[in-house]
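Observations on the model geometry
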Amino acid sequence: MSAPNMTAPALLYPVVLRVEGRPCLVVGGGPVAARKAAGLLGCGAVVTLVAPRVDPSVDALRPGPAGAGAQSPTAGALTVERRPYRHGEAAGFQLVVTATGLPAVDAAVAEDATAAGIWVNSADDAEHCTFLLPSVHREGPVSVAVSTGGSSPALATWLRSQIATALGGGIGPLAVLLAATRRRLRAGGQGTASVDWAALLEGPLPGLVRDGRLEEAQALLAGELPRRS
């Protein structure tokens, strides 16, 4: 057996996208496409899903009596069009995900999007992607994303689980508390760089929040904030 090719691929540039209110296209009607659509909807995107046939998991994304889609303050809007993908329509969206499981269709969608300068993800087909979707652990406003550059989704999922276990709970409330503190500083005309945030996070603050002792955490923060002269 020959040795695997260890040539390093080009590095990927990680970003966090704001998709709230933005038109996004999902091509495909199976469970994978439903998961992709659910991720976009959870971030407030306006999603159009196109497929000749759709799995019950797609219908479940709809809110109200017709579906069990979860509602949240950032829940987006979903339109399902039961038809084949139309050549060139990817150009009418700001983000495209294709997950039909049909290589020819997914490739055509990706080619249309790329030609129009639209970012596209083709499920399980890194060669036709201009962006890859990481494995994500979320808690409140905190997102921890892991990518292997498309080399092993299973490894990315395992790493995400390891990180989530190591972090434990309380990360979301901690982020909310720190955000409120930063807003208070700015409202008082003080810069946020005046606080040694690293020292606070290395101290008892995360543990207090994790244990639900929010008043003590707030008092600790207040005691560490610089006093205005």
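Computed from a prediction, not measured in an experiment: that's the story for all the values here.

Rules behind the numbers
Residues numbered from 1 in each chain as written. Predicted model: local features only at pLDDT ≥ 70, side-chain atom pairs only at ≥ 80, totals over all residues. Heavy atoms only, no water. Pairing = 2+ DSSP bridges. Helix = DSSP H or I, 4+ residues; strand = E, 2+ residues; numbered from the N terminus. Salt bridge = Lys/Arg side-chain N within 4 Å of Asp/Glu carboxyl O. Buried < 20%, exposed > 50% of the residue type's maximum accessible area, 1.4 Å probe, protein only. Core = buried A, V, L, I, M, F, W, Y, C linked by side-chain atoms within 4.5 Å. Contact = heavy atoms within 4.5 Å.

Now for the pairing of strand β7 (residues 142-146). Direction of pairing for strand β6 (residues 135-139) relative to β7: antiparallel, over a ladder of five bridges. Bridge pairing in β7 places His137 opposite Val144. Taken together, β6 and the strand that follows it, β7, pair antiparallel across an intervening segment of two residues, in which Gly140 is found at a positive phi of about 60 degrees.

Moving on: the pattern of salt bridges. Counted according to the given criterion, the structure contains four salt bridges. For Glu81, the salt bridge is made with Arg83, and the minimal N-O distance between the two is 2.6 Å. Ionic pairing is found between Glu216 and Arg213, a salt bridge with its closest N-O pair at 2.8 Å. By relative accessible area, Arg213 is classed as partly exposed at 37%. By sharing partners, the salt bridges in this structure join Glu81, Arg83 and Glu89 into a single network.

A few words now on the nonpolar core. Side chains that are nonpolar tend, in soluble globular proteins, to be buried together. Residues Val26, Leu40, Val47, Leu49 and Leu78 are the most contacted members of the largest nonpolar core, which totals 22 residues. Contributions of two or more residues to this core are made by β1 (23-27), α1 (31-42), β2 (46-50), β3 (77-81) and β4 (95-98). The biggest single contributor to this core is α1, with five residues. When sequence neighbours within four positions are dropped, the list of residues in contact with Leu78 reads Leu41, Val47, Leu49, Val58, Leu61 and Arg62. In this structure, Leu185, Ala217, Leu221 and Leu225 belong to the second largest nonpolar core, which totals 13 residues.

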